[in-house]
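Reading the structure
The lines below spell out each chain.
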Amino acid sequence: DVKVTQSSRYLVKRTGEKVFLECVQDMDHENMFWYRQDPGLGLRLIYFSYDVKMKEKGDIPEGYSVSREKKERFSLILESASTNQTSMYLCASSRGLAGAYNEQFFGPGTRLTVL
Amino acid sequence: QQPVQSPQAVILREGEDAVINCSSSKALYSVHWYRQKHGEAPVFLMILLKGGEQKGHEKISASFNEKKQQSSLYLTASQLSYSGTYFCGTSSGTYKYIFGTGTRLKVLA
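Okay, so let's go over this structure. (Residues numbered from 1 in each chain as written. Chains lettered and ligands numbered in written order. Predicted model: local features only at pLDDT ≥ 70, side-chain atom pairs only at ≥ 80, totals over all residues. Heavy atoms only, no water.)

Overall, the coordinates contain two disulfides over all chains when judged by the stated rule. Note on cysteine connectivity: Cys23(A) is disulfide-linked to Cys91(A), with sulfurs 1.9 Å apart. On the sign convention where negative means left-handed, the S-S torsion of about -75 degrees between Cys23(A) and Cys91(A) marks this disulfide as left-handed. In this pair, Cys23(A) is assigned in strand E3 (residues 19-25) and Cys91(A) in strand E9 (residues 87-94), connecting sequence segments 68 residues apart. A residue is classified by how much of its surface remains accessible, and Cys23(A), at 0% relative accessible area, is buried. The partner cysteine of Cys22(B) in its disulfide is Cys88(B), sulfur to sulfur 2.0 Å. Disulfide Cys22(B)-Cys88(B): the torsion about the S-S bond is 70 degrees, which places it as right-handed. Of this pair, Cys22(B) sits in strand E3 (residues 18-23) while Cys88(B) sits in strand E9 (residues 84-91), and the two are 66 residues apart along the sequence. Residue classification places Cys88(B) among the buried positions, given a relative accessible area of 0%. (Disulfide = S-S within 2.5 Å. Helix = DSSP H or I, 4+ residues; strand = E, 2+ residues; numbered from the N terminus. Buried < 20%, exposed > 50% of the residue type's maximum accessible area, 1.4 Å probe, protein only.)

Residue and element names in this part refer to chain A. All chains considered together, the criterion is met by seven salt bridges over all chains. The salt bridge partner of Glu79 is Lys18, with a shortest N-O separation of 3.6 Å. Linking Glu79 in the loop between strand E8 (73-78) and E9 with Lys18 in the loop between strand E2 (10-13) and E3, this pair joins segments that are 61 residues apart in sequence. For Lys18, a relative accessible area of 44% puts it in the partly exposed group. Residues Arg73 and Glu22 are paired through a salt bridge, measuring 3.9 Å at the closest nitrogen-oxygen approach. In this pair, Arg73 is assigned in strand E8 and Glu22 in strand E3, connecting sequence segments 51 residues apart. Accessibility expressed as a relative area gives 38% for Arg73, which makes it partly exposed. When salt bridges with common partners are traced through the structure, they connect Asp28, Glu30 and Lys71 into a single cluster. (Salt bridge = Lys/Arg side-chain N within 4 Å of Asp/Glu carboxyl O.)

If you want it as structure tokens, here you go:
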């Protein structure tokens, strides 16, 4: 059974802290994505990666960075957390070089609260 | 720019049909549909590609009008299990997807 796992379901951090969200997939997928989900705004793409050490900005990359050192792992980093980064964060992966052709598999999400 | 979904919300009785629409301002290569139940991850339903190819659920149908840059998801004879939020995701041919804001669907017994 295909699986995307995220390191935490719930996380509470303080303003200014550095936050790491980890995502691991066991399907040998080339592509990995980070989204944030907010009520009324749907899923918005933060960053994606189509290969190890490769990354591309999505629609809302400000305040975030990513790291992909191994194929199965994609990390989202909040360099200095702010209250407006309180959200649900979803990781996803998909196979293949033609990313738009293949379905995405989503992790369960991390609900991050920044106080 | 995010694709626009309509309606934003819909309530049905079991057995009724529903149509969810997704419109983009950009030329599209593919449209994806996902369903997310409360507290769960989005789950893939269907992909429609430019040129007419489709892959996905047997019991769910969808259309893709390339000229109008629109897709519609058809839910027939709805069941309680169809309740959730439906998202369309659009791609102009790259790895990047842009998801719509979602349509909340509730099926009542």
